[in-house]
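Observations on chain architecture
Chain by chain, the residues run as shown.
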Amino acid sequence: MLKYQKIGIAFVGFSAVLVIFNNSKKYTDHQRDIQGNVPVHFFDDHSDSNHQRFIENSTLKPRPTSIEIESGSTLKTIFKDLNIDEAQALDMTIAFCKVASAKSLKAGQTIEIHYDDQQFVSKMVFHTKSGNHIILEKKGESFIAQRQVVQLQKVLKKFKGSIDSSFYQTAQRLGVPLKIIKESVQILSYSVNFQHGIQYGDHFEIVFDAFENDQGHILKTGDIHYVSLGQHKFYRFNEQYYNGHGESVVRTLLQTPLEASCLKVTSKFSSGRFHPIKKYTRAHKGVDFGARTGTPIKAAGNGIIVKKAYHVGGYGNFIQIKHGSGYQTLYAHMSKFAQNIHVGSKVKQGQLIGYVGSTGLATGPHLHYEVILNNCHVDPQKVKMFPTGHLSGRQKKMFDHHKRRFETL
Ligand SMILES: [Zn+2]
């Protein structure tokens, strides 16, 4: 009895260390299927009657052969969910900690579970994010653990689809890794207006390096080689991105001065819960981007803040930035300004300057965005935005050759 208590205390000590560090609470359909379907195990008492009960149970309830780690899980909760008794769980925890630390367990990782003839857990394989496996296996009466280094295979991965909500949501639904979606948005954001410039059904493709484990799961990503959206096509060459003409993607102003991942395409917004989208007209002087209050607004280009005002007439809270070549941009109806944004502050392209709101004359939250060239308002979508560089001569020839690779993929 005394020994048992000591074991209990030691276990609490271990489990406190093994909290999974991830705030995202994620349930997959697969997980829902297996929840509540765990077998009943009687590790403490191996009497025949209990085995009988267990066998009856196991015929009714399928055992999970793989589970996904939830945020907030510990080895203790994982073992408990599998109905592994405390003494055995402690044995397994001690074995686990000999080869791995708590940091190797993250929400979303999968664990394979194997059972012996008597339906007791005999082996668990933890698939870690780094691609390694931690194998806990029963040898005789106790568990031993070993770390297995899995060779990741570098593959060229291609995803393609058609916009059915936002670029971000569509790509996510297709299983494009988040990092790749964000990088794609960044490459496209100089040329694509993510709200008015794309339509439902627009086609996109992303080709990138992926590192897969033996089960074909992408555990790491590398460079994006090619990304297209609608008629926009961009290629990686000499560690930079160029359009089909060999012009750099980087332009003086962003087409979408907002966190593009939050934007849905125009058509469904016009009658939705957001403010109707106004396109550029002489009277309106700007373009409206419907987005939730609090959506981050970014400086469209490098420049200096020349106006920052609170609650001014129709504009509400607004900021005006002076860029080079006679360009200025204006951002209105903000709910809040970003910190350290004052008249005279230098800002970099893409820098956070404030948040979407509905201050001033706005019927709903949106960003009213103006581009002013030499004191005249111009349609942001029609501004000729010069690339910051383009390829020529031998480089251009090499680029054209390189480009063809993706046309035949
Ligand atoms: Zn407007």
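Residues numbered from 1 in each chain as written. Predicted model: local features only at pLDDT ≥ 70, side-chain atom pairs only at ≥ 80, totals over all residues. Heavy atoms only, no water.

It is worth spelling out the packing of aromatic side chains at this point. Taken as a whole, this structure holds 15 aromatic pairs when the rule is applied. On the numbers, 5.8 Å between centres and 5° between planes, the contact of Phe 159 with Phe 208 is stacked. Taken together, the residues span a long stretch of sequence, with Phe 159 in strand S6 (residues 153-162) and Phe 208 in strand S7 (residues 203-212) at a distance of 49 residues. Exposure class is identical for Phe 159 and Phe 208. Each is buried. Between Tyr 235 and Phe 399, the aromatic rings sit 5.8 Å apart at their centres with planes inclined by 90°, giving edge-to-face as the arrangement. You can see Tyr 235 sitting in strand S9 (residues 232-237) and its partner Phe 399 sitting in helix H9 (residues 393-407), a full 164 residues away along the chain. Judged on exposure class, the residue Tyr 235 and its partner Phe 399 are both buried. If you follow Lys 220 out to its NZ or CZ, it ends over the ring of Phe 211, 5.0 Å from the centre. Directly above the aromatic system of Tyr 355 lies the positively charged group of Lys 336, at a separation of 5.1 Å from the ring centroid. (Phe/Tyr/Trp six-rings, centres within 6.5 Å; stacked < 30°, edge-to-face > 60°. Helix = DSSP H or I, 4+ residues; strand = E, 2+ residues; numbered from the N terminus. Buried < 20%, exposed > 50% of the residue type's maximum accessible area, 1.4 Å probe, protein only. Lys NZ or Arg CZ within 6 Å of the ring centre and 35° of its normal.)

If you walk through the whole model with that rule in mind, you get 11 salt bridges. Among the charged side chains, a salt-bridge network with shared partners connects Lys 396, Asp 400 and Lys 403. (Salt bridge = Lys/Arg side-chain N within 4 Å of Asp/Glu carboxyl O.)

What follows is about helix H7 (residues 178-188). Since there are 3.6 residues in each turn of an α-helix, residues three or four apart along the chain are aligned in direction. Within the sequence span of H7, burial applies to Ile 180, Ile 181, Ser 184, Val 185, Ile 187 and Leu 188. Looking straight down H7, one finds its buried side chains confined to an arc of 160°; they lie on one side. Those residues of H7 hidden inside the fold are in contact with helix H6 (167-173), S7, strand S8 (218-229), S9 and strand S10 (240-243). (Arc of directions from axis to C-beta. Contact = heavy atoms within 4.5 Å.)

The next thing to look at is the coordination of the zinc ion. The protein atoms that coordinate the zinc ion are His 284 (NE2), Asp 288 (OD), Asp 288 (OD) and His 368 (ND1), at distances spanning 2.0 to 2.7 Å. Taken in chain order, the donor set of the zinc ion reads H-x3-D-x79-H. (Donors = N, O, S within 2.8 Å, 3.2 Å for Na, K, Ca; no water.)

Grouped together as the largest cluster of nonpolar side chains are 53 residues, with contacts concentrated most on Phe 167, Phe 194, Ile 206, Leu 229, Ile 319, Tyr 331 and Ile 353. Among the elements that take part in this core, H7 stands out by supplying five residues, more than any other. Of the residues that make up this core, three or more belong to each of domain 2 (153-251 + 390-409) and domain 3 (256-385). Beyond its immediate stretch of four places on either side in the chain, Ile 319 contacts Ile 305, Lys 307, Lys 308, Thr 329, Leu 330, Tyr 331, Met 334, Phe 337, Ile 341 and Ile 353. (Core = buried A, V, L, I, M, F, W, Y, C linked by side-chain atoms within 4.5 Å. Domains from an automatic or database assignment.)

In this section: the sheet that holds S6. What links the strands of a sheet is backbone hydrogen bonding, and the strands pair in either a parallel or an antiparallel sense. Within the open sheet, the five strands sit side by side as S6-S7-S8-S9-S10. Their pairing is antiparallel. The open sheet has two edge strands with one neighbour each: S6 and S10. For this sheet, the mean inter-axis angle between neighbouring strands, taken without regard to orientation, is 35°. Strand direction decides the pairing type here: S9 and S10, joined by four bridges, are antiparallel. Each bridged residue has a counterpart across the sheet, and for Tyr 235 the counterpart in S10 is Tyr 242. Together, S7, S8, S9 and S10 form the strand contacts of H7, whose direction differs from that of S8 by roughly 25°. Along the sheet, H9 makes contact with S6, S7, S8, S9 and S10, crossing S9 at roughly 115°. (Pairing = 2+ DSSP bridges. Axes fitted to C-alpha atoms, helices over the stretch in contact; angles between N-to-C directions.)

Fair warning: the whole summary comes from geometry, so function is off the table for now.
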